[in-house]
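Structural overview
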Amino acid sequence: MNPEQKDTDCIFCKIVNGEVPTELLYQDEDVVVFRDINPLTPVHLLVVTRKHIPSLAHMSDEDTALVGKMTRVANQVAKEQGIADSGYRVTINSGADSGQIVPHLHMHLMGGRHLRWGH
Ligand code: DGP
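Residues numbered from 1 in each chain as written. Predicted model: local features only at pLDDT ≥ 70, side-chain atom pairs only at ≥ 80, totals over all residues. Heavy atoms only, no water.

Here we look at the pattern of salt bridges
Rules: Salt bridge, as applied in this entry: a Lys or Arg side-chain nitrogen positioned within 4 Å of an Asp or Glu carboxyl oxygen. Strands here mean DSSP runs of E at least two residues long; helices mean DSSP runs of H or I at least four residues long; both are numbered from the N terminus. Residue exposure (1.4 Å probe, protein chains only): buried if accessible area is under 20% of the type maximum, exposed if over 50%, otherwise partly exposed.
The full count for this structure, using the stated rule, is six salt bridges. Of the charged contacts in the structure, one is a salt bridge between Arg35 and Glu23, with a shortest N-O distance of 2.9 Å. Placement of Arg35 in strand β2 (residues 31-35) and of Glu23 in the loop between α1 (11-16) and β1 (26-27) is noted, with a sequence separation of twelve residues between them. Assessed through its relative accessible area of 46%, Arg35 is described here as partly exposed.

Next up, the structure:
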């Protein structure tokens, strides 16, 4: 991951800005939700901030409400996807050891099958 990556080079910035056409399952002034291109579960969505923050480790105090909103939106979309009752997982990868590959803050929303606890 290159935290210095410019917004203009960021694939999620391009999706958020509409430069890369992607179906949005939810959008508001702060976050958008779209399907992960490489789904690991029957429901695998990404809750992505419009603001370019390279990772959770780069969030500042002013982003606290934004990160909280990501969770609220994940809960709402989980209901819409019909996985709220069966259960789901939200994950934020931050940094190299987590396996983060896209250096733009996002939350994975995964469900639709039983999930084992990973490594
Ligand atoms: P990670 O950075 O490891 O938290 O995962 C990033 C996820 O983003 C990965 O599961 C694949 C997904 N992804 C990467 N590029 C694109 C893209 O262009 N479109 C979509 N829909 N998903 C993408």
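Focus on the side chain of Asp36
Test applied: Polar contacts, as used here, are pairs of N or O atoms within 3.5 Å; protein pairs need one atom able to donate a hydrogen and one able to accept it. Residues neighboring in sequence count only if both atoms are side-chain atoms.
With respect to the element layout, Asp36 can be found in the loop between β2 and β3 (43-49). Reaching out from Asp36, the side chain makes a polar contact with the backbone nitrogen of Asn38 at a distance of 2.7 Å.

A closer look at the side chain of Lys69
The condition is simple: Whether two residues touch is decided by their heavy atoms; if any such pair falls within 4.5 Å, the residues are in contact.
Inspection of the secondary structure puts Lys69 in helix α2 (residues 64-80). Judged by its relative accessible area of 15%, Lys69 falls in the buried class. Not counting residues up to four positions away in its chain, the partners in contact with Lys69 are Asp28, Glu29 and Asp30.

Focus: α2
To be explicit about the condition: For a helix, the expected span equals 1.5 Å multiplied by the residue count minus one.
Between its first and last C-alpha, α2 extends 25 Å over 17 residues, near the 24 Å set by a 1.5 Å rise per residue. Within the span of α2, buried status applies to Leu66, Val67, Lys69, Met70, Val73, Ala74, Val77 and Ala78. Buried residues belonging to α2 abut β1, β2, β3, β4 (88-91) and β5 (106-111). In the stretch just after α2, Gly82 is the one whose phi turns positive, near 80°.

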